[in-house]
Amino acid sequence: MTSPRTYTHPDVLTIGVRDGWADPETDPTRIDWAVRQARAAIPFRVIDGRPVNPYAPTGIRYGRNELGHWGEALAADALVRLTDTDGHHWILMVERKDGHGWALPGGHVDPDEAPLDAAIRELAEETGLTVPSATWTTQPPRYVPDPRASDEAWMVTVLAHTHLGTYSRNNLPTVAGCDDARQAAWIHACTYQVLTTSLRACPVTGMGDWLVGSGLVAGVAW
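Residues numbered from 1 in each chain as written. Predicted model: local features only at pLDDT ≥ 70, side-chain atom pairs only at ≥ 80, totals over all residues. Heavy atoms only, no water.

## Here we look at the overall build of the protein
Link 1 in the chain: From N to C terminus, the protein includes 5 helices and 12 strands.
Link 2 in the chain: For the protein, the share of sequence-separated contacts (at least 6 apart) that also reach a separation of at least 24 residues comes to 69%.
Link 3 in the chain: Element-wise, carbon and sulfur atoms account for 52% of the exposed surface of the protein, whose accessible area totals about 10900 Å². (Helix = DSSP H or I, 4+ residues; strand = E, 2+ residues; numbered from the N terminus. Contact = heavy atoms within 4.5 Å. Areas by Shrake-Rupley, 256 points an atom, 1.4 Å probe, with all protein chains shown as cover.)

## Thoughts on the confidence of the model for the protein
Link 1 in the chain: Of all residues in the protein, 90% have pLDDT values of 70 or greater, and the mean over the chain is 88.
Link 2 in the chain: A low-confidence stretch, residues 205–215 stays under pLDDT 50, and its non-local contacts, those more than four residues away or across chains, total 32 contacts. (pLDDT = per-residue confidence, 0-100.)

## Topic: the packing of aromatic side chains
Link 1 in the chain: Applying the stated rule across the entire model yields 3 aromatic pairs.
Link 2 in the chain: Centre to centre, the rings of Trp33 and Phe44 are 6.0 Å apart; their planes meet at 90°, and the pair counts as edge-to-face. Linking Trp33 in helix 2 (residues 33–38) with Phe44 in the loop between helix 2 and strand 2 (45–47), this pair joins segments that are 11 residues apart in sequence.
Link 3 in the chain: Overall, the relative accessible area of 9% leaves Phe44 in the buried class.
Link 4 in the chain: Arranged with centres 4.4 Å apart and planes meeting at 20°, the rings of Tyr55 and Tyr143 form a pair that is stacked. Of the two residues, Tyr55 is situated in the loop between strand 3 (50–52) and strand 4 (62–65) and Tyr143 in strand 10 (residues 142–144); the sequence distance between them amounts to 88 residues.
Link 5 in the chain: Judged by relative accessible area, which is 47%, Tyr55 ranks as partly exposed. (Phe/Tyr/Trp six-rings, centres within 6.5 Å; stacked < 30°, edge-to-face > 60°. Buried < 20%, exposed > 50% of the residue type's maximum accessible area, 1.4 Å probe, protein only.)

## So, the side chain of Arg148
Link 1 in the chain: Tracing the chain through its elements places Arg148 in the loop between strand 10 and strand 11 (153–167).
Link 2 in the chain: A polar side-chain atom of Arg148 sits 2.6 Å from a polar atom in the side chain of Asp146. (Polar contact = N/O pair within 3.5 Å; in protein donor to acceptor, adjacent residues only side chain to side chain.)

## Points about the side chain of Asp84
Link 1 in the chain: Mapped onto the elements, Asp84 comes out in strand 5 (residues 71–84).
Link 2 in the chain: Buried and unpaired, Asp84 has no salt bridge, with Arg169 as the nearest side chain of opposite charge at 4.7 Å.
Link 3 in the chain: A polar contact is formed between the side chain of Asp84 and the side chain of Trp90, at a distance of 3.0 Å.
Link 4 in the chain: Apart from the residues within four sequence positions on either side, Asp84 is in contact with Trp90, Thr166, Tyr167 and Arg169. (Lys, Arg positive; Asp, Glu negative; His and termini not counted. Salt bridge = Lys/Arg side-chain N within 4 Å of Asp/Glu carboxyl O.)

## Some details on unusual backbone geometry
Link 1 in the chain: In this model, Ala56 is joined to Pro57 through a cis peptide bond whose omega is 10°.
Link 2 in the chain: One non-glycine residue, Asn65, adopts positive backbone phi at about 55°.
Link 3 in the chain: With respect to the element layout, Asn65 can be found in strand 4.
Link 4 in the chain: Classification of Asn65 as buried rests on a relative accessible area of 7%.
Link 5 in the chain: At Asp112, a position not held by glycine, the phi torsion is positive, near 65°.

Structure below.
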């Protein structure tokens with residue numbers, strides 16, 4: 001029988017703690033789990049003082065893999081769409097700097113920050129695009145099948161959606177990759193299959209199977 005795998009990336013305990021995106025606590029049994037369970041977007045169990053990913057197993061039984069926080073970490077993602085004058089649909093996406101391919105603009109929700117506010121903030125930080133809050137709708141929290149996760153550290157996200165209207169294909173809103181994004185681009189996305197094909201054709205790192213398979217975009221009413 002294979003022993004359960006234990007792993008926490010070294011950057012979590014060094015860069016992550018230094019820059020504030022990782023828990024400095026190395027022993028999850030010393031964490032006040034009642035507080036974290038109370039604010040969790042998706043309920044989870046704690047067994048013998050250790051959090052249990054509600055969608056386990058991930059392949060990493062103990063430790064945090066590449067994520068910083070023990071237990072659930074809440075994120076928000078911005079799904080920004082538009083239609084060109086020929087009736088084709090486009091989605092704004094970013095290529096991540098961490099090598100995990102293409103993603104929707106998004107990131108962690110700060111303490112006391114609403115998920116919608118986080119999605120709008122991350123969109124501006126990663127693409128330079130600002131969209132008024134009144135134009136957005138949000139969906140219920142959902143689990144993210146992130147390759148950086150473990151059975152004790154995982155991601156949950158809130159998807160915020162907006163449609164910008166109709167634009168000439170030669171005059172789409174200007175975007176540029178900033179912050180955590182290597183680049184930002186409008187991706188042809190008339191259907192989910194067209195989206196994935198368009199991402200595979202991009203002359204960059206690759207589409208990032210973990211994102212495209214996550215269902216964040218797949219569930220859109222095309």
